[in-house]
Amino acid sequence: IDVFDGRTGAVLAQWDADADFTSVALSADDRFVYATGGARRDSAGQTTSDPASLTVYDPTNGQVRLVAGDLGVNDLWFPVTPLQ
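What counts, and at which threshold
Residues numbered from 1 in each chain as written. Predicted model: local features only at pLDDT ≥ 70, side-chain atom pairs only at ≥ 80, totals over all residues. Heavy atoms only, no water. Helix = DSSP H or I, 4+ residues; strand = E, 2+ residues; numbered from the N terminus. Salt bridge = Lys/Arg side-chain N within 4 Å of Asp/Glu carboxyl O. Buried < 20%, exposed > 50% of the residue type's maximum accessible area, 1.4 Å probe, protein only. Pairing = 2+ DSSP bridges. Axes fitted to C-alpha atoms, helices over the stretch in contact; angles between N-to-C directions.

(A) Seen up close, unusual backbone geometry. Even without being glycine, Asp30 reaches a positive phi, approximately 65°. Mapped onto the elements of the fold, Asp30 is located in the loop between strand S3 (21–26) and strand S4 (33–37). Notably, Arg40 is not glycine yet its phi reads approximately 70°, a positive angle. With respect to the element layout, Arg40 can be found in the loop between S4 and strand S5 (53–57).

Right under this line is the structure:
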């Protein structure tokens, strides 16, 4: 995950991906970054039998706070607006 400054566009950091992410969202209170891992693909984009997943990051340092797996055979997508 590439992390950018929203005002300047400067690259602030790069976080390791544990899946081939299909959707990324920031919580409305800016406390968490959510990333959904695509079903049937690994972090390199290779075909697998793995189900979809969700990874929750701490936005201040990129630390993984939670990984939830086995979320089904279809990709998951977040809405355009911040998550409430």
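(B) Representation of the pattern of salt bridges within the structure. Tallying each qualifying case throughout the model produces four salt bridges. The residue Asp5 makes a salt bridge to Arg7 at a minimum N-O spacing of 3.6 Å. The exposure class of Asp5 is buried, given its relative accessible area of 18%. By relative accessible area, which is 78% here, Arg7 ends up exposed. Close ionic contact of Arg41 with Asp20 constitutes a salt bridge, the shortest N to O distance being 2.8 Å.

(C) Region of interest: the sheet that holds strand S6 (residues 64–68). In spatial order, the strands read S3-S4-S5-S6; together these four strands make up an open sheet with antiparallel pairing. The sheet terminates laterally at S3 and S6, the two strands that pair on one side only. Averaged over neighbouring strand pairs, the angle between their axes works out to 15° when direction is ignored. Across five bridges, S3 lies against S4 in antiparallel orientation. Opposite Ser23, over in S4, you have Thr36 as the bridge partner.

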